[in-house]
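Spelled out, the chains give:
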Amino acid sequence: MPRRRDPLSPGQFYHLYNRGVNRERVFFTRENYVYFLKGIKSYLVAHAEIIAYCLVPTHYHLLVRVKPVHDRTCT
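Residues numbered from 1 in each chain as written. Predicted model: local features only at pLDDT ≥ 70, side-chain atom pairs only at ≥ 80, totals over all residues. Heavy atoms only, no water.

> How would you sum up the sheet that holds strand β3 (residues 59-66)? Please name residues and give values.
Reading across the sheet, the three strands line up as β1-β3-β2 and stay open at both edges, with antiparallel pairing between neighbours. Both edges of this open sheet fall to β1 (13-19) and β2 (48-56), since each of them pairs with a single strand only. On average, each strand axis in the sheet is inclined to that of its neighbour by 15°, with strand direction left out of account. Relative to β3, β1 runs antiparallel, the two being bridged by seven bridges. Among the inter-strand pairings, Tyr14 is bridged to a residue of β3, identified as Val64. Against the sheet, helix α1 (residues 30-43) makes contact with β2 and β3, and its axis sits at roughly 165° relative to β2, the strand it touches most. (Pairing = 2+ DSSP bridges. Helix = DSSP H or I, 4+ residues; strand = E, 2+ residues; numbered from the N terminus. Axes fitted to C-alpha atoms, helices over the stretch in contact; angles between N-to-C directions. Contact = heavy atoms within 4.5 Å.)

> Could you give an account of the environment of His15, naming the residues involved and the relevant values?
Checked against the element boundaries, His15 lands in strand β1. Measuring from C-alpha to C-alpha, the distance between His15 and Val69 comes to 20 Å, with 54 residues separating the pair along the chain. Polar contacts involving the side chain of His15 include one to the side chain of His61, which spans 2.8 Å. (Polar contact = N/O pair within 3.5 Å; in protein donor to acceptor, adjacent residues only side chain to side chain.)

As structure tokens, this is what we get:
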């Protein structure tokens, strides 16, 4: 799959998703889901507002809105 070359625009909504190789599981235990959500909180929340998410054993979906630059905070 090609990489996105144009930047994400502040205020716009984006559907972020990923799936395991050969549709295999990426989440095996409850702790895997918790670890993923903590990572999202650590790295993504400063840059985007999470509108909705869905985590299933083989993949995930995130609906986010990119924050304006002046609204971004580092944690």
